[in-house]
Number of protein chains: 2
Amino acid sequence: MVRPRQYVREEVIDKALNLFWRLGYEGAHLAALVEHTGLNRFSLYKEFGGKAGLYEASLDRFVGFLLEQYRGVLTRQPPGLENIEAALRSLEYGSEYYGCFMLNTLAQKDSAPPAAVERALAAAAEIETLYRDNLVGAVARGQVDKTADLQALGKLLQTLDQGLHMQGLAGTSDAQKDAAIAAAMALLHHAAP
Amino acid sequence: MVRPRQYVREEVIDKALNLFWRLGYEGAHLAALVEHTGLNRFSLYKEFGGKAGLYEASLDRFVGFLLEQYRGVLTRQPPGLENIEAALRSLEYGSEYYGCFMLNTLAQKDSAPPAAVERALAAAAEIETLYRDNLVGAVARGQVDKTADLQALGKLLQTLDQGLHMQGLAGTSDAQKDAAIAAAMALLHHAAP
DNA sequence: CCTGTTTCAGAACGATTGGTGAATAACCCG
DNA sequence: CGGGTTATTCACCAATCGTTCTGAAACAGG
C-alpha cells in the first residue's frame, strides 16, 4: 500500500560515518552526504531529523563496533596483561587512517552535536574501565605488583591507547606503533613483583 | 605620511589562534574572526591573504610557543629521565582545555590548510627527537638499560604525550593525569639496569 | 485500474559563507 | 595647512550552507 524505501538504514549510516570520519562534522557538507549515501535530502531529514541526527547515528554505530571490539579482547579469561597488550595492538589499522571517530568527535566538541560528544565521553569511560578490570586481574595473577596504583595505571593505559590513535593521524607506521607497544609492555612486565 | 595601522599583528594572531583553537578551522567563521580580532575583513586579507593564511599564522605562533616550551624543558643539562618527566608534566593546563592546537590541526587534516598540517607534522617530529635525545642521555647516565630500543621508547613517550592531550579533551583532571605520568615514570625507573 | 499512502528527485528557500570594491577617514611630511 | 598615501568602514558579491517544499513515481489493497 506504500512505496517501499530504496535504502537500508544501516548502510546509509555506514556511508555517512565514512564521510564524517574523513571530513569531520562541519566538513561533511549535506550535499556530499546526500551524494555519498545515495539517500535523498528529504528522506534523510525524515529518517534522521537532520545532519546532527545523522552524525549521532554514525557515532552510535561506530561506538557500537568499537566497544564490541574492546569488549571482545578485554573480557577474555583470564584478565591480565595479555588482554591489555592485545587491545593496544588491535588499534592498528591500514595506512589510510583518520583517527578514532570517537576521539575525533571529542576533538570537535564545539562543533559536533552535543549529544554525540556526551556519548563519546561515555564510551571512553567504559574503555578505561575495561582496561582497569584487566589490571585487577593482572594483580590477582601476580603479573603486576599488589601495591601498584591501578587507577593511575588504568589512566596510563587509556592515555597510551588514545595516543596511539593520534600517532595514526600523524602517519606513524604500524611497525613503529608496534615497537612502542612492545616497549610499554616490556616496562609493565619489568614492574612485576 | 601614511595612516598608521590600528592593530598589532601578533595580537591579532593571538586572538585568531584562540578562536581557531576553540572552534577549529571551519568552525571559526570569518565574521567571528573579524569580531574577535578587531581586525576588519579587508585588512585581514591584506595582511594574511585570507582565512587559511591566518590559520597558518596562528599555528606557527602556537608551534613557536610549544617548541620553545619543549626545548626549554628537554634541553636542560644533563639530559635524562628528569627532563622527560618534566616535559610530560608541563603539558597540563587549566580546566578549560581545547587540546593541543598542533594535534587538533592533525585531527582536521582534511579541512585545515595543507601547509598548516605539514608544519604540525614537522613540529611533532621535532618533539619526538627531543624526547629521544633525553633517552640517549638517560642511557649514558645509567638511568635506562643500554640494550633498550630507544627508537621505540621515544615513540612511546610521544604517544604518551599525545594521549595526555586527548585526556585533556576528555575532561580528565590534572590530578589523574599526574597519577598516570607518575605511573609511567615509575615503570621507566624500574626498567633501569 | 483506480486510490491512498509513502518515498523519491529536484528545485527553491532564506541565511550565511569566504572574499572583494568603492568610498571615507586618518595620518605624516612638506 | 593641504596632498599623498594608507588603513578602515560598509555595502556587496557569488557561492554554498542546512533545511523545506512541491510534484511525480512506486507500490498494495480494493
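Going by what an unreviewed UniProt entry lists, chain A is known as HTH tetR-type domain-containing protein and is assigned to Devosia elaeis.

Within chain A, the secondary structure is distributed over 9 helices and 0 strands. Moving toward the C terminus, one meets the helices and strands of chain A in the order α-α-α-α-α-α-α-α-α. With the principal axes as the frame, chain A shows a C-alpha extent of 70 × 35 × 25 Å. Considering chain A as a whole, with its 193 residues, one finds that 52% of them fall into the buried category. The contacts of chain A with a sequence gap of at least 6 include a subset with a gap of at least 24, amounting to 70%. Accessible surface, chain A as shown: approximately 8,600 Å² in total, 55% of it carbon and sulfur. For chain A, the centre of its 19 positive side-chain charges and the centre of its 23 negative side-chain charges are spaced 6 Å apart.

All right, on to the relation of the copies chain A and chain B then. Superposing chain A onto chain B takes a rotation of 180 degrees plus a shift of 0.0 Å along the axis, which leaves an RMSD of 0.1 Å. Between the two chains, the operation in question is that of a two-fold axis. The C-alpha atom lying nearest the rotation axis in chain A is that of Gly-163 of chain A; the distance is 1.8 Å. Most of the interface of chain A is mirrored in chain B, where 100% of its interface residues are also at the interface.

For the rest of this paragraph, the subject is the interface of chain A and chain B. With 36 residues of chain A in contact, the opposing surface of chain B contributes 36 residues. Both sides together, the interface formed by chain A and chain B hides about 3,400 Å², and carbon and sulfur atoms give 68% of it. Where chain A touches chain B, the interface holds 0 salt bridges. Inspection of the chain A/chain B interface yields 8 residue pairs in polar contact (both at pLDDT 80 or more).

If you check helix α9 (residues 174-190) of chain B, its first and last C-alpha atoms are 24 Å apart, about what 17 residues at 1.5 Å a residue would give, namely 24 Å. The complete set of buried residues in α9 of chain B reads Lys-177, Ala-180, Ile-181, Ala-183, Ala-184, Met-185, Leu-187 and Leu-188 of chain B.

With that out of the way, let us pick up the pattern of salt bridges. Residues and elements named next belong to chain B. All chains considered together, the criterion is met by 25 salt bridges over all chains. Asp-178 is the partner of Arg-89 in a salt bridge, and the nearest nitrogen-oxygen pair spans 2.7 Å. Remark: Asp-178 occurs in helix α9 and Arg-89 occurs in helix α5 (residues 81-89); sequence separation between them is 89 residues. Take Arg-89: its relative accessible area is 29%, and that puts it in the partly exposed class.

For helix α7 (residues 114-140) of chain A, with 27 residues, the first-to-last C-alpha span of 40 Å sits near the 39 Å given by 1.5 Å per residue. Backbone geometry just downstream of α7 of chain A places Gly-142 of chain A in the positive-phi region, at approximately 80 degrees.

Further remarks concern the environment of Ala-170 of chain A. Relative to the assigned elements, Ala-170 of chain A resides in the loop between α8 (150-169) and α9 (174-190). The spacing of Ala-170 of chain A and Glu-47 of chain A is 123 residues in sequence and 36 Å in space, taken between C-alpha atoms. Setting aside chain neighbours within four positions, we find Ala-170 of chain A in contact with Leu-106 and Leu-121 of chain B.

For the rest of this paragraph, the subject is the UniProt feature "domain: HTH tetR-type" (unreviewed entry) in chain A. Taken from the UniProt record, the annotation "domain: HTH tetR-type" (unreviewed entry) applies to residues 6-66 of chain A. Structurally, residues 6-66 of chain A is divided into 84% helix and 0% strand, and its ends, taken at the C-alpha atoms, are 28 Å apart.

About the thresholds
Residues numbered from 1 in each chain as written. Chains lettered and ligands numbered in written order. Predicted model: local features only at pLDDT ≥ 70, side-chain atom pairs only at ≥ 80, totals over all residues. Heavy atoms only, no water. Helix = DSSP H or I, 4+ residues; strand = E, 2+ residues; numbered from the N terminus. Buried < 20%, exposed > 50% of the residue type's maximum accessible area, 1.4 Å probe, protein only. Contact = heavy atoms within 4.5 Å. Areas by Shrake-Rupley, 256 points an atom, 1.4 Å probe, with all protein chains shown as cover. Lys, Arg positive; Asp, Glu negative; His and termini not counted. Charge placed at Lys NZ, Arg CZ, Asp CG, Glu CD. Least-squares fit on C-alpha atoms with pLDDT ≥ 70 in both. Buried area = accessible area lost by both parts, 1.4 Å probe. Salt bridge = Lys/Arg side-chain N within 4 Å of Asp/Glu carboxyl O. Polar contact = N/O pair within 3.5 Å; in protein donor to acceptor, adjacent residues only side chain to side chain. Expected span 1.5 Å × (residues − 1). UniProt positions renumbered as here; feature names shortened; annotations may be inferred.

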